[in-house]
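Per-entry structural report
Listed below, chain by chain, are the residues.
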Amino acid sequence: MLDYAALEALAAVISTGSFEGAAGRLHVTQPAISQRIKQLEERMGAVLIVRGTPCTGTELGLRLARHAEAVALMEADLAPNDAAPTVRIAVNADSLATWVLQALAEVEGQLFDLVIDDQDHSADWLRRGEVVGAVTASATAVPGCDVVSLGALRYFATASPAFVKRHFPQGITAQALAEAPAIVFNEKDRLQNDWARRETGQCPALPQHRIASSAGFVEASLLGMGWGMNPEQMVGRAITAGRLVALSPEPLEVPLYWQSLRRLRAPLAPLTRAIRKAAAQVLLQV
């Protein structure tokens, strides 16, 4: 039988990144946290925490931490007056910026720990057992998970009028895209490449600014730093006002899905309902 006080300490260390942070969260002393982790590592016969700044979990440590959080979620479903459990989910940044927070605000009695990752990679967090749910572009169910179709997030390739005049005087061509700075979220972001391929039939190498912020992405476009794929909800008014130009009238539609652990279907039901409701108000229903 696992010691759930020790599992709670393990989850707190991984979540806060330090033994001190875990002690503060659980209202115990730091030596008490250290002792619980030591005993649990001895019990499991393996290192569970990589000591550093921040502290991180080993593969087994992460699995145990997620197990502890899942148990807390199930216990809260049985005894809703107890302390609110923490629900860790993976979300793409643009969904977070446009509709996910509306869903989370509808759910009472739960705390949220959000992992931000590209929609093409967020399901990987579920596969590794590091989250209990994910907003993802993958329609293929992760083993042990339910899948709900949410709709499609519409993106427009946008740039400032001055940028368009300077870099695309002859329209959108592979040559122009190979020279005009693009804005990408990070190395995982393929939306700009996908759009360029759709428009030109080629795969030009795009010079890139990397800006890991949805709001910063839009602001950089407005300031003429480059062109990028922005959600319709975030740039619609700017396009109407002439502050941004849509490089193509056809949006790029990215289907999104909610995947969550089947064994936690009941305690996650309020969150699933809220996510479906918020998505239906914002996403294109396909």
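Residues numbered from 1 in each chain as written. Predicted model: local features only at pLDDT ≥ 70, side-chain atom pairs only at ≥ 80, totals over all residues. Heavy atoms only, no water.

1. What about empty space enclosed by the protein?
Enumeration over the complete set of coordinates arrives at two cavities of 30 Å³ or more. Surrounding the largest cavity, 16 residues form its lining, Asp94, Asp118, Gln119, Phe185 and Asp189 being those nearest its centre. Residue assignment for the lining of the largest cavity shows that the elements contributing at least two residues are helix H5 (93-105), helix H10 (214-222) and strand S9 (228-231). Top contributing element to the lining of the largest cavity by residue count: S9, with three residues. A class-by-class count of the residues in the lining of the largest cavity yields seven nonpolar, five polar and four charged. For the second largest cavity, the calculated volume is near 30 Å³. Looking at the second largest cavity, the residues that line it are Asp118, Gln119, Asp120, Lys188, Asp189, Arg190, Leu191 and Asp194. (1 Å grid on protein atoms, 1.4 Å probe; cavity = no way out; pocket = protein on both sides within 12 Å on 5 of 7 lines; lining within 4 Å. Points joined across faces, edges and corners; volume = space filled by probe spheres on them. Helix = DSSP H or I, 4+ residues; strand = E, 2+ residues; numbered from the N terminus. Nonpolar A, V, L, I, M, F, W, Y, C, P; charged D, E, K, R; others polar.)

2. A look at the packing of aromatic side chains
The tally for this structure, following the rule as stated, stands at two aromatic pairs. Here the aromatic rings of Phe163 and Phe168 are separated by 6.0 Å at their centres, their planes lie at 65°, and the arrangement is edge-to-face. Each of the two residues, Phe163 as well as Phe168, counts as buried. A centroid spacing of 5.1 Å and a plane angle of 50° characterise the contact between Trp195 and Trp227, whose relative ring orientation is tilted. Here Trp195, found in helix H9 (residues 191-200), pairs with Trp227, found in the loop between H10 and S9; they are 32 residues apart in sequence, far enough to count as distant. (Phe/Tyr/Trp six-rings, centres within 6.5 Å; stacked < 30°, edge-to-face > 60°. Buried < 20%, exposed > 50% of the residue type's maximum accessible area, 1.4 Å probe, protein only.)

3. Quick notes on the environment of Arg237
Structurally, Arg237 can be placed in helix H11 (residues 232-240). Using a relative accessible area of 79% as the deciding quantity, one classes Arg237 as exposed. Each C-alpha atom, one on Arg237 and one on Leu48, is 49 Å from the other, the two residues being 189 residues apart in sequence.

4. Things to note about the layout of surface pockets
Space inside the largest pocket adds up to approximately 670 Å³. Along its surface, the largest pocket is lined by 21 residues, and Glu8, Ala72, Ala84, Pro85 and Thr86 are the ones closest to its centre. Of all the secondary structure elements, the ones that give two or more residues to the lining of the largest pocket are helix H1 (4-16), helix H2 (19-26), helix H4 (59-78) and strand S4 (111-116). The leading source of residues in the lining of the largest pocket is H4, at six residues. Looking at the lining of the largest pocket residue by residue, the classes come out as 13 nonpolar, two polar and six charged. Approximately 210 Å³ is the volume attributed to the second largest pocket.

5. Some remarks on H10
Among the residues making up H10, those that are buried are Ser214, Phe217, Val218, Ala220, Ser221 and Leu222. Buried residues along H10 sit in contact with H5, strand S6 (145-159), strand S7 (182-184), H9, S9 and H11. A positive phi of about 80° marks Gly224, the residue just after H10. (Contact = heavy atoms within 4.5 Å.)

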